Every structure is written in structure tokens, then in C-alpha cells.
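# A look at the structure
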Amino acid sequence: MEERKFTEKESLELISQMISASRQRLQKGSGNPFLCYGYSSLAISVATFLITRFSGNYVWNLLWILMFVPAIVLWIKDRGEKPETTSYIDRMLTNTWKVVLMLMVLSLVVIVCSGLGDGTINMMLMLPLALIFVCTGTLITGLTIGEGGIVGMTTIAFVMPVLLLSAMVAGDQYLPVWNLAGGFSFLFSLVIPGHIINRKSSRSC
């Protein structure tokens, strides 16, 4: 078999294609943050439901603040493990989730500060808002990597925060089962997409 010799132009085109392909490739384990947040949220939703259901004390809903713990853990982990190369897609997804986290923090600050003004801090809004932010981030992720399964899962997850907001507008009082509804939404917006992304990233590496 003859060994083909590349011209300088063909060599440059080949290198350009290889660089472009590497930029579009997901890093292995890209779905791990989804799984970290997802399984944490499932545990928190079940624990919050059980405690509020049997104690009757709704102050335990503040357990949802523990959702910020995975963010701190992942931030510390990322500082210690800097990848040698980062693809364009990975950078874009990282920035997308930074925006999601920022929106959650800002929402929490606004709710607390406005509540301090009138003496009542109503945290009911925080759960549906967080679900909407997460669903938006996951939807962008699915569209960016071209994974229709993630888009479909996120569509299912998006139903819950809309139902919760509708119930609040209708004047319904908080129910402990709303925590399980949040966990259900996080299952379809974080856990399942996380496994899909890991499977896709393993194939692309």
C-alpha cells in the first residue's frame, strides 16, 4: 500500500479539523457534577419531606440550603484538579452553570432581604425558582451537546415548578409533598441527564 504524502495545505486542514473536533469533544466524566447535585437533591427532598411531614415544623425546609454544599465541594475539587486542556463545549457548559448558581444565590438574597423588611421571610418561592433555573441550565446543556434525550427529560422536569407556582398563585398553602415534587424534578433534570452525559462523554473520548 502506497503511503500518501500530504501537501502543506492538506496538513494544515487536517490539523484544523483535529483541533475543531477536540473542541467539540466532551471530557470524560462531564456528567459528574449533575450526579453530585442530583443525588444530593434527592436525599434532601426525601429528608425534608419526612421531617416536615412527621414533625409539622416547616422550618426544616431550610435544609434545601444544603444544595449549596455540592457547589462548594466541586469548587474546591476543581481548584485542585485543573485539566490540561478544556474543550469549547466544557467551557460553555461551565459558564452556563455558573449563571444558574448565581441566579440561585441572588434569588435567595432578594427573598431574605425583602423578608427582613416586612418581618416575614417566605422561602416558598425558592424551590420552584431553583427548579426553573436548573431546568434552564440542563436544557441549554442538552441543546449544546445535541442530546435529545436530555431535552426530553428536562421538559418533564419543568412541569413541577410550573405546577408549584400555579398552586402558590391560587393561594394553596405549603404541603410537605412539595419537597418530593422537587426531588422528582431534580431526578429528571440532573440525575438522568448526568448519566446520559457520562455515557456520551465516554464514547467521545
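Residues numbered from 1 in each chain as written. Predicted model: local features only at pLDDT ≥ 70, side-chain atom pairs only at ≥ 80, totals over all residues. Heavy atoms only, no water.

Another point: a nonpolar patch on the surface. On the surface, Val 46, Leu 50, Phe 54, Leu 175, Val 177 and Leu 180 cluster together into a nonpolar patch covering about 540 Å² of accessible area. Looking at the nonpolar patch, the elements that each hand over two or more residues are α2 (32-55) and α7 (177-204). Top contributing element to the nonpolar patch by residue count: α2, with 3 residues. Leu 50 sits in the partly exposed class, given a relative accessible area of 39%. (Patch = residues over 30% accessible without salt bridge, like charges linked within 9 Å, V, L, I, M, F, W, Y side chains within 5 Å. Areas by Shrake-Rupley, 256 points an atom, 1.4 Å probe, with all protein chains shown as cover. Salt bridge = Lys/Arg side-chain N within 4 Å of Asp/Glu carboxyl O. Helix = DSSP H or I, 4+ residues; strand = E, 2+ residues; numbered from the N terminus. Buried < 20%, exposed > 50% of the residue type's maximum accessible area, 1.4 Å probe, protein only.)

The feature "transmembrane region" (unreviewed entry), as given by UniProt, occupies residues 34-52, 58-76, 97-117, 123-143, 150-171 and 177-197 in the numbering adopted here. Here residues 123-143 runs as 86% helix and 0% strand, with 31 Å between its end C-alpha atoms. (UniProt positions renumbered as here; feature names shortened; annotations may be inferred.)

Glancing now at the side chain of Asn 179. Mapped onto the elements of the fold, Asn 179 is located in helix α7. Asn 179 sits in the buried class, given a relative accessible area of 1%. A distance of 2.7 Å separates polar atoms of two side chains, one belonging to Asn 179 and the other to Trp 64. Setting aside residues no more than four positions away along its own chain, Asn 179 makes contact with Ser 45, Thr 48, Phe 49, Thr 52, Asn 61, Trp 64 and Tyr 174. (Polar contact = N/O pair within 3.5 Å; in protein donor to acceptor, adjacent residues only side chain to side chain. Contact = heavy atoms within 4.5 Å.)

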